[in-house]
Amino acid sequence: MLHKEIEEALNMQVASESDSSNLYLAMASWAETNGYEGSADFLYQHSDEERMHMLKLVKYINERGGHAKITSLGEPKRNFDSLTDVFEGLLNHELKVSEQINELVHICLQRRDYTTHNFLQWYVAEQIEEEALARSVMDKLKLIGNDKGGLYLFDRDVAQMSVISAAQNTAQ
Ligand code: FEO
C-alpha cells in the first residue's frame, strides 16, 4: 500500500507528464504549421512518449492500492519565435522534470518505500537520456544560428534523432 504522501507525489508526476505531453504536442503543431515537418515528427513522437510515461505512473499507483488522478491541464504555449525557442523550451522543461523525479526519489527514501524507489529508477535513466538528446539538439541549433540551409538540414535530421531515440526506448 502506498503511503499517502507518496501517492500524492506520484499523482503530481502524473499531471506533470501529461503536461509535458501536451506541451510537446503544441510544439509539434507549431512546427508542422511552420514548415518544419521533421521537427514536428520528432515532437509528435516525444509527446507520445510522455503519454507513455504518464500511463506507466497511473498503472503503478493503481497497482499499489492508490488511486491515480486525472486532472485538467492548463493550455500550453501556442506560438514560438523559432525552432531554437521550441527546443530551448523542451530542454528547460526536461530539466524541470528531472528535478521533480529527483524530489520523488528523495521522498521515497525518506518514507523507506524501496519498491517505488526501484520503480522510479526507470524514470531516472530516462531523464538522463532525454536531457542528453535535448542538449545535443540545442548544440546543433546553436551552430546553425539563422542559416536557412542549415535549418533545412537540421529539420530533416532531427526526425532521424527521434527514430534513434524510439529504438533505444523499445530496446529497454
Ligand atoms: Fe517524461 Fe520527458 O520526461
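Counting restarts for each chain, with residues numbered from 1 along the sequence as it is written. Where totals are concerned, whole chains, interfaces and linings use all residues; where local detail is concerned, this predicted model gives features only for residues with pLDDT of at least 70, and gives and counts side-chain atom pairs only at 80 or more. Hydrogens and waters are ignored; side-chain quantities use all the structure's heavy atoms.

A run of H or I in DSSP counts as a helix once it spans at least four residues, and a run of E counts as a strand once it spans at least two, with each numbered from the N terminus. A tally of regular secondary structure across the protein chain gives five helices and zero strands. What you see in the protein chain, going N to C, is helices and strands ordered as α-α-α-α-α. Note on method: radius of gyration uses C-alpha positions; expected globular size equals 2.2 Å times residues raised to 0.38. The C-alpha radius of gyration computed for the protein chain amounts to 17 Å, which stays within 12% of the reference 16 Å derived for 172 residues, consistent with globular compactness. C-alpha atoms of the protein chain, sized along the principal axes, occupy 55 × 30 × 25 Å.

Quick look at the nonpolar core now. Each nonpolar core is a collection of buried residues, namely Ala, Val, Leu, Ile, Met, Phe, Trp, Tyr and Cys, held together in the definition by side-chain atoms within 4.5 Å. For every residue, the accessible area (1.4 Å probe, protein chains only) is compared with the maximum for its type, and the residue is labelled buried under 20%, exposed over 50%, or partly exposed between those bounds. Judged by nonpolar contacts, the single largest core of 25 residues is most densely connected at Met 27, Leu 43, Phe 87, Leu 141 and Phe 154. Those elements giving two or more residues to this core turn out to be helix H1 (4-33), helix H2 (37-63), helix H3 (83-110), helix H4 (114-144) and helix H5 (148-171). Contacts are residue-level and defined by heavy atoms, with any inter-residue pair within 4.5 Å sufficient. The residues touching Leu 141, leaving out its near neighbours within four places in the chain, are Leu 83, Thr 84, Phe 87, Leu 151 and Phe 154. Core analysis: the next-biggest nonpolar cluster, separate from the first, contains 20 residues, Met 54, Val 105, Ile 107 and Leu 120 among them.

Before going further, it helps to spend a moment on the pattern of salt bridges. Basic side-chain nitrogens of Lys or Arg form a salt bridge, by our definition, when they fall within 4 Å of a carboxyl oxygen of Asp or Glu. Under the criterion given, the structure shown has seven salt bridges. With a closest N to O distance of 3.3 Å, Arg 135 and Glu 131 form a salt bridge. Of this pair, Arg 135 and Glu 131 both sit in helix H4, four residues apart, roughly one helical turn. One salt bridge connects Asp 157 with Arg 156, and the closest N-O pair in it is separated by 3.4 Å. According to the relative accessible area criterion, Asp 157 is partly exposed, its value standing at 35%. For Arg 156, a relative accessible area of 52% translates into the label exposed.

Quick look at the confidence of the model for the protein chain now. Residue-level confidence of the predictor is what pLDDT reports, using numbers from 0 through 100. Overall, the prediction assigns the protein chain a mean pLDDT of 94, with 94% of residues at 70 or greater. Mean pLDDT across the elements of the protein chain bottoms out in H5 (77) and peaks in H1 (98).

Aromatic pairs are defined between Phe, Tyr and Trp rings, using the six-membered ring for Trp, whenever the two ring centres lie within 6.5 Å; interplanar angles under 30 degrees are classed as stacked, those over 60 as edge-to-face, and all others as tilted. Throughout the structure, instances matching the rule amount to seven aromatic pairs. Both rings, one in Trp 30 and one in Phe 80, keep their centres 5.9 Å apart while their planes meet at 70 degrees; by these two values the pair is edge-to-face. Here Trp 30, found in helix H1, pairs with Phe 80, found in the loop between H2 and H3; they are 50 residues apart in sequence, far enough to count as distant. Grouping residues by exposure puts Trp 30 and Phe 80 together as buried. Arranged with centres 5.6 Å apart and planes meeting at 55 degrees, the rings of Phe 119 and Tyr 123 form a pair that is tilted. With Phe 119 and Tyr 123 both in helix H4 and four residues apart, the pair spans about one turn of that helix. Like Tyr 123, Phe 119 is buried.

Here, expected helix span is obtained from the residue count minus one, scaled by 1.5 Å. Spanning 31 residues, H4 covers 45 Å between terminal C-alpha atoms, matching the ideal 45 Å at 1.5 Å per step. In this analysis the local bend is the angle between axes fitted, respectively, to the seven residues ending at and the seven residues starting at the residue. Where H4 bends most, the angle comes to about 30 degrees, and this point is Leu 120. Think of a polar contact as two N or O atoms within 3.5 Å of one another; within protein, one of them needs to be a possible hydrogen donor and the other a possible acceptor, and neighboring residues in sequence only count if both atoms come from side chains. The backbone nitrogen of Thr 115 has a side-chain oxygen 3.3 Å away, supplied by the residue at the start of H4, namely Asp 113.

What follows covers the environment of Tyr 44. Within the element layout of this structure, Tyr 44 appears in helix H2. You can call Tyr 44 partly exposed: its relative accessible area is 28%. For the pair Tyr 44 and Leu 25, spaced 19 residues apart in sequence, the C-alpha separation works out to 5.8 Å. The residues touching Tyr 44, leaving out its near neighbours within four places in the chain, are Leu 25, Ala 28, Ser 29 and Glu 32.

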